[in-house]
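# Breakdown of the fold
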Amino acid sequence: MKKTKIAFVCGDCGSEYNKWQGQCHDCQAWNTLKQISLGNPRNDRKAGYTGSVEALQTLDQIVVAEQPRMSLTSAEFNRVLGGGLVPGSAVLISGSPGAGKSTLLIQALCELAKTQACLYITGEESLAQIAMRANRLSLSTDRLKVMAETRVETIAEAWDANQPKVLVIDSIQVMHSDWVESAPGSVSQVRESAGFLIQKAKQTGTILIVVGHVTKDGNLAGPRVLEHMIDAFLMLEGDADGRYRTLRSIKNRFGAVNELGIFAMTDQGLKDVANPSAIFLNRSDLDAPGSVVMAVWEGTRPLLVEAQALVDQSAFSNPRRIAVGFEQNRLAMLLAVLSRHGGLQVADQDVYINAVGGIRVDETSSDLAVLMAVVSSFRNQPLPQDLICFGEVGLSGEIRPVPNGQERLREAAKHGFKRGLIPKSNVSKQAIEGMTLYPVSQLSEALSILSDW
Ligand code: TYD
Ligand code: MG
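Residues numbered from 1 in each chain as written. Chains lettered and ligands numbered in written order. Predicted model: local features only at pLDDT ≥ 70, side-chain atom pairs only at ≥ 80, totals over all residues. Heavy atoms only, no water.

### Topic: the packing of helix 9 (residues 367-378) against helix 11 (residues 443-452)
Where helix 9 meets helix 11, the axes come as close as 11 Å, and the angle between the chain directions of the two elements is 45 degrees. When the interaxial angle is binned, helix 9 and helix 11 end up oblique. Between helix 9 and helix 11 the crossing geometry is right-handed. Side by side, helix 9 and helix 11 meet where Leu368, Leu371, Met372 and Val375 of the first sit next to Leu443, Ala446, Leu447 and Leu450 of the second. Tallied by class, residues from the contact of helix 9 with helix 11 come to 8 nonpolar, no polar and no charged. (Axes fitted to C-alpha atoms, helices over the stretch in contact; angles between N-to-C directions. Helix = DSSP H or I, 4+ residues; strand = E, 2+ residues; numbered from the N terminus. Parallel < 35°, antiparallel > 145°, perpendicular 65-115°, else oblique. Left-handed = near helix turned anticlockwise from the far one by under 90°. Contact = heavy atoms within 4.5 Å. Nonpolar A, V, L, I, M, F, W, Y, C, P; charged D, E, K, R; others polar.)

Following this line, the structure appears as structure tokens:
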């Protein structure tokens, strides 16, 4: 039988095929198959066997060395990592161009380098560019080793020679290995380079931080297997022209997922935002209809965010429903519930909703706040400034409880909120000082409370 020397690999999921085909069977994507060359397979399968496997251990025999986490100077970065970097772990940081990935890492590494051997490898910027930025940010640059390189074999040599505790690769998409024949940036190059580097990190106990690009629609570019290989996957989000950036953990083998860190991009680089609720709550004193503050739960802490809605007579036969920072489908569903169980006809109205501050809310606890904002805009009736609102809305118009109700209310009370419109089941025996609760179990109850204000 003739041995296959080429294969076709899906650019999205990394599945391999012997023949080209239009659609990937695994992820259903079209036109993503690319040809790659494979190394010569061994003629004899048995040739790779050495017959020297040691007796296997049971789980309790494995010695777990106490490995303290390496703490970073940025408290927000630490929080997203679950309390610092774990030795031997591989972390992938992704985000759109200009999000601030390189800035975040050069800042973190300059600080870390004061106590640990660190190596920063850039494949995108020149060393002079990196140095210029570090100087402008007044970072301490005298300990951090840097290298401009894209060939993984050369990187491995520098790795062995310098034995860093932390190694940054910026970015994985430009890395290539002699061992793979395809062009840099191709699926097989990224996969093989990442696999090689991650394996080396595990063997040497080095912390590997890899920067990855995103595609147009915001997903990680390159092979899907990259996400499986790494231990933590963090996403840096935020408009390049906006002031705030959020760092979210999408996957973390050593901490909570969906943990959120918030940074401000200043002329001094990325700075931690110590009191995030305050920035999303930058409200003017004007009583504006269509605005209400919600308490969302991000990772392990509550966050107060203003939800805004604008409801306006539509000029189209197909009224527009636009959600910025919320999920579009959820908005359509909530409007249907509002019409069916709240008796409010918005079928001929354009509805826009927005989470202020550029944050993305994908928690269902925002449901009630979104509907209250919509109703407030529709009736042109401002809501009280000291009102906080959370609760999930079900399809039959019931208001469902959400986790961590008490902590959300406490955070709101800390910021001076005095009224809470919340699910009945979230009311706890312990009252919160200075906070009057308005518990509701049906949407209609919430609407009638609203009419009284
Ligand atoms: P960068 O870290 O190069 O982004 P990435 O590596 O994710 O592509 O960040 C570049 C952006 O950050 C750019 O839009 C300018 C902005 N920026 C500041 O506003 N202030 C600063 O001090 C720095 C270094 C960058
Ligand atoms: Mg960069």
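There's plenty left to go through after this.
### Describing the domain arrangement of the chain
Here the chain is partitioned into domain 1 (5-39), domain 2 (69-273) and domain 3 (279-452). Centre-to-centre, using C-alpha coordinates, domain 1 lies 28 Å away from domain 2. At the interface, 9 residues of domain 1 touch 8 residues of domain 2. Of the roughly 610 Å² buried at the junction of domain 1 and domain 2 (both faces included), carbon and sulfur atoms supply 53%. Three residues, Gly11, Ile36 and Ser37, lead the burial of domain 1 against domain 2; their summed loss comes to 46% of the area buried on that side. Of the charged contacts in the structure, one is a salt bridge between Glu16 and Arg191, with a shortest N-O distance of 3.8 Å. Where domain 1 meets domain 2, there are 0 residue pairs in polar contact (both at pLDDT 80 or more). Put simply, the parts of the chain that give the side of domain 1 that touches domain 2 at least two residues each are strand 1 (6-10) and strand 3 (33-37). Of the residues belonging to the side of domain 1 that touches domain 2, the class tally is 4 nonpolar, 3 polar and 2 charged. (Domains from an automatic or database assignment. Buried area = accessible area lost by both parts, 1.4 Å probe. Salt bridge = Lys/Arg side-chain N within 4 Å of Asp/Glu carboxyl O. Polar contact = N/O pair within 3.5 Å; in protein donor to acceptor, adjacent residues only side chain to side chain.)

### Describing the sheet that holds strand 2 (residues 16-17)
Spatial ordering of the open sheet is given by 2-1-3, a layout of 3 strands whose pairing is antiparallel. Among the strands making up the open sheet, the edge pair consists of strand 2 and strand 3. The sheet contacts of helix 5 (residues 187-204) involve strand 1, strand 2 and strand 3, and relative to strand 1 the element is tilted by about 90 degrees. (Pairing = 2+ DSSP bridges.)

### Concerning the sheet that holds strand 4 (residues 90-95)
In space, the 9 strands of this open sheet follow the order 6-5-7-8-4-9-10-11-12, with mixed pairing throughout. One side of each edge strand has no neighbouring strand; the edge strands of this open sheet are strand 6 (145-148) and strand 12 (269-272). Neighbouring strand axes in the sheet, compared pairwise and without regard to direction, differ in orientation by 25 degrees on average. In the packing of helix 5 onto the sheet, contacts are made with strand 4, strand 7 (166-170) and strand 8 (207-212), and the angle to strand 8 comes to roughly 160 degrees.

### Structural notes on the site of ligand 1
Taken together, 15 residues form the shell around ligand 1, and within it Gly98, Lys101, Ser102, Thr103 and Thr266 come nearest. Here Ala99 contributes a backbone N or O atom positioned 3.4 Å from an oxygen atom of ligand 1. Measuring from an oxygen atom of ligand 1, one finds a side-chain N or O atom of Ser102 at 2.7 Å. Relative to its unbound accessible surface of 560 Å², ligand 1 loses 72% to contact with the protein. If you list the elements that add at least two residues to the shell around ligand 1, you get helix 2 (101-112), helix 3 (127-136) and strand 11 (260-266). Of all the elements, helix 2 adds the most residues to the shell around ligand 1, at 3 residues. (Near = heavy atom within 4 Å. Areas by Shrake-Rupley, 256 points an atom, 1.4 Å probe, with all protein chains shown as cover.)

### Quick notes on unusual backbone geometry
With an omega of 0 degrees, the peptide bond running from Asp170 to Ser171 counts as cis. Mapped onto the elements, Ser171 comes out in the loop between strand 7 and helix 5. Of note in this structure, Asn31 is not a glycine but carries a positive phi near 55 degrees. As for its placement among the helices and strands, Asn31 is situated in the loop between strand 2 and strand 3.

### A short note on the environment of Gln21
Position of Gln21 relative to the elements: it lies in the loop between strand 2 and strand 3. Measuring from C-alpha to C-alpha, the distance between Gln21 and Leu33 comes to 7.2 Å, with 12 residues separating the pair along the chain.

### Here we look at the side chain of Ser376
Position of Ser376 relative to the elements: it lies in helix 9. Looking at Ser376, its side chain comes within polar contact range of the main-chain oxygen of Gln381, at 2.7 Å. Those residues in contact with Ser376, other than ones at most four positions away along the chain, are Pro289, Gly290, Ser291, Gln381, Pro382 and Leu383.

### A closer look at the packing of aromatic side chains
Counted according to the given criterion, the structure contains 1 aromatic pair. The interplanar angle of 85 degrees and the centroid separation of 4.9 Å between the aromatic rings of Tyr438 and Trp453 together place this pair among those described as edge-to-face. A residue pair is termed long-range when its members are at least 10 positions apart, and Tyr438 in strand 21 (residues 436-440) and Trp453 in the segment after helix 11 qualify at 15 residues. Residue classification places Trp453 among the partly exposed positions, given a relative accessible area of 25%. Positioned above the aromatic ring of Trp159, the side-chain terminus of Lys200 is 5.5 Å from the ring centre. Stacked on the ring of Phe390, the Lys or Arg Arg408 has its end atom at 5.5 Å from the ring centre. (Phe/Tyr/Trp six-rings, centres within 6.5 Å; stacked < 30°, edge-to-face > 60°. Buried < 20%, exposed > 50% of the residue type's maximum accessible area, 1.4 Å probe, protein only. Lys NZ or Arg CZ within 6 Å of the ring centre and 35° of its normal.)

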